[in-house]
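# Descriptive structure summary
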Amino acid sequence: MDEETTVMRAVLLGPPGAGKGTQADLIQKRLGVPHISTGDLLRTAVGNRTELGVRAKGFMDEGKLVPDDLVIGLIRERLHDDAAEGFLLDGFPRNVSQGEALGELLEESGVELDHVVSIAVPVDELVGRMLGRGRSDDNEDTIRARLEVYRRETAPLCEYYRERGVLREVDGVGSPQEISRRILSHFDA
Ligand code: ADP
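In this report, the structure presented in the accompanying data block is examined. (Residues numbered from 1 in each chain as written. Predicted model: local features only at pLDDT ≥ 70, side-chain atom pairs only at ≥ 80, totals over all residues. Heavy atoms only, no water.)

## What about the pairing of strand β1 (residues 9–13)?
Here β1 lies mainly inside the structure; five of its five residues are buried. Judged by which residues are buried, β1 turns out to be covered on both faces: Arg9, Val11 and Leu13 on one side and Ala10 and Leu12 on the other are all buried. Sheet topology places β1 next to strand β3 (residues 87–90); four bridges connect them, and they run parallel. Note that in β3 the partner of valine 11 across the bridge is leucine 89. Where β1 meets strand β4 (residues 115–120), four bridges bridge the pair, whose relative direction is parallel. Paired with leucine 12 across the two strands is valine 117, which belongs to β4. (Buried < 20%, exposed > 50% of the residue type's maximum accessible area, 1.4 Å probe, protein only. Helix = DSSP H or I, 4+ residues; strand = E, 2+ residues; numbered from the N terminus. Pairing = 2+ DSSP bridges.)

## What about the pairing of β4?
A large share of β4 lies buried, amounting to five of its six residues. Bridge count for β4 against strand β5 (residues 167–171) is five bridges, and the pairing is parallel. Within the sheet, the bridge partner assigned to isoleucine 119 lies in β5 and is valine 170.

## So, the nonpolar core
Leu13, Leu79, Leu89, Leu102 and Tyr161 are the most contacted members of the largest nonpolar core, which totals 28 residues. Every element with two or more residues in this core is listed here: β1, α3 (51–61), α4 (68–79), β3, α5 (96–108) and α7 (140–163). A per-element tally of this core places α4 first, with six residues. Setting aside chain neighbours within four positions, we find leucine 89 in contact with Ala10, Val11, Leu12, Ile36, Ile75 and Leu102. (Core = buried A, V, L, I, M, F, W, Y, C linked by side-chain atoms within 4.5 Å. Contact = heavy atoms within 4.5 Å.)

## Description of the site of the ligand
Residues in close proximity to the ligand total 20 residues, the closest being Thr38, Arg43, Lys64, Gly91 and Gln98. At 3.1 Å, a side-chain N or O of arginine 135 approaches an oxygen atom of the ligand. Burial of the ligand by the protein amounts to 97% of the accessible area it has alone, namely 550 Å². Here the shell around the ligand gets four residues from one element, more than from any other, and that element is helix α2 (residues 38–47). When grouped by side-chain class, the residues that make up the shell around the ligand number seven nonpolar, five polar and eight charged. (Near = heavy atom within 4 Å. Polar contact = N/O pair within 3.5 Å; in protein donor to acceptor, adjacent residues only side chain to side chain. Areas by Shrake-Rupley, 256 points an atom, 1.4 Å probe, with all protein chains shown as cover. Nonpolar A, V, L, I, M, F, W, Y, C, P; charged D, E, K, R; others polar.)

## Some details on the packing of helix α6 (residues 123–133) against α7
Packing of α6 against α7 brings their axes to within 11 Å, and their N-to-C directions diverge by 135°. With respect to α7, the element α6 is oriented oblique. For α6 against α7, the interelement crossing comes out right-handed. Residues Val123, Leu126, Val127, Met130, Leu131 and Arg133 of α6 lie in contact with α7, whose contacting residues are Glu140, Ile143, Arg146 and Leu147. (Axes fitted to C-alpha atoms, helices over the stretch in contact; angles between N-to-C directions. Parallel < 35°, antiparallel > 145°, perpendicular 65-115°, else oblique. Left-handed = near helix turned anticlockwise from the far one by under 90°.)

## Considerations on the packing of aromatic side chains
Here the structure, examined in full by the defined rule, presents one aromatic pair. Aromatic side chains tyrosine 160 and tyrosine 161 sit 5.3 Å apart centroid to centroid with 75° between the ring planes, which places their arrangement in the edge-to-face category. The residues tyrosine 160 and tyrosine 161 share a single accessibility class, namely buried. Positioned above the aromatic ring of tyrosine 160 is the side chain of arginine 164, whose terminal nitrogen or guanidinium carbon lies 3.7 Å from the ring centre. (Phe/Tyr/Trp six-rings, centres within 6.5 Å; stacked < 30°, edge-to-face > 60°. Lys NZ or Arg CZ within 6 Å of the ring centre and 35° of its normal.)

## Things to note about the packing of α2 against α4
As a packed pair, α2 and α4 sit with axes 11 Å apart at the nearest point and diverge in direction by 105°. When the axes of α2 and α4 are compared, the pair comes out roughly perpendicular. Touching Thr38, Leu41 and Leu42 of α2 are Val71, Leu74, Ile75 and Arg78, all from α4. Here the residues of the contact of α2 with α4 sort into five nonpolar, one polar and one charged.

## Some thoughts on the sheet that holds strand β2 (residues 35–37)
Strand order in this open sheet of five strands is β2-β3-β1-β4-β5, and the pairing throughout is parallel. A single partner strand is all that each edge strand has here, and the edge strands are β2 and β5. Put simply, the sheet's adjacent strands are angled 25° from each other on average, direction ignored. Together, β1, β2, β3 and β4 form the strand contacts of helix α1 (residues 20–31), whose direction differs from that of β3 by roughly 170°.

Right, dumping it as structure tokens:
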């Protein structure tokens, strides 16, 4: 109702189960910025059995990252389309090379990231949340693999943004509304 359109380019980081998708949806409703989730895009591609979906499925089922060129291609398309005027990225970038690729894509368009927010949640709580969610890749083995991928590949990306002075961290334990307020307070700053 109060929806307004904000031009903002932001990335939500955080381990699997941290609530990035929930928060991106809430923020999209609030600010009208398109929420782009590579996980959702990939699941749609798998469901539609597109060539990309067929290539991605095995990696997703094992909790591994889908190869960079596939996800970077998806993001490139969106950045030239509805996300040209701003976006809230959820699940991308997920490693340093994806972060560098995003930086190059934005540079080509003469724009840059406004915010990178990392949502922090203790591991025990993450596992409980994912087991409760019941997505097909939310079984114990896959969850363990995804947490390990996060530690090995995504945590260094947090460092990459921290070193560049753009990373803001929020506590991801609390009600979705509370967490949303914490994230939005960084966007206002
Ligand atoms: P979660 O954050 O709970 O792990 P996502 O929906 O973001 O869930 O991702 C689900 C799966 O999709 C990942 O385990 C991975 O296989 C794949 N995926 C999503 N985004 C990326 C990405 N940026 N790079 C590589 N693989 C990705």
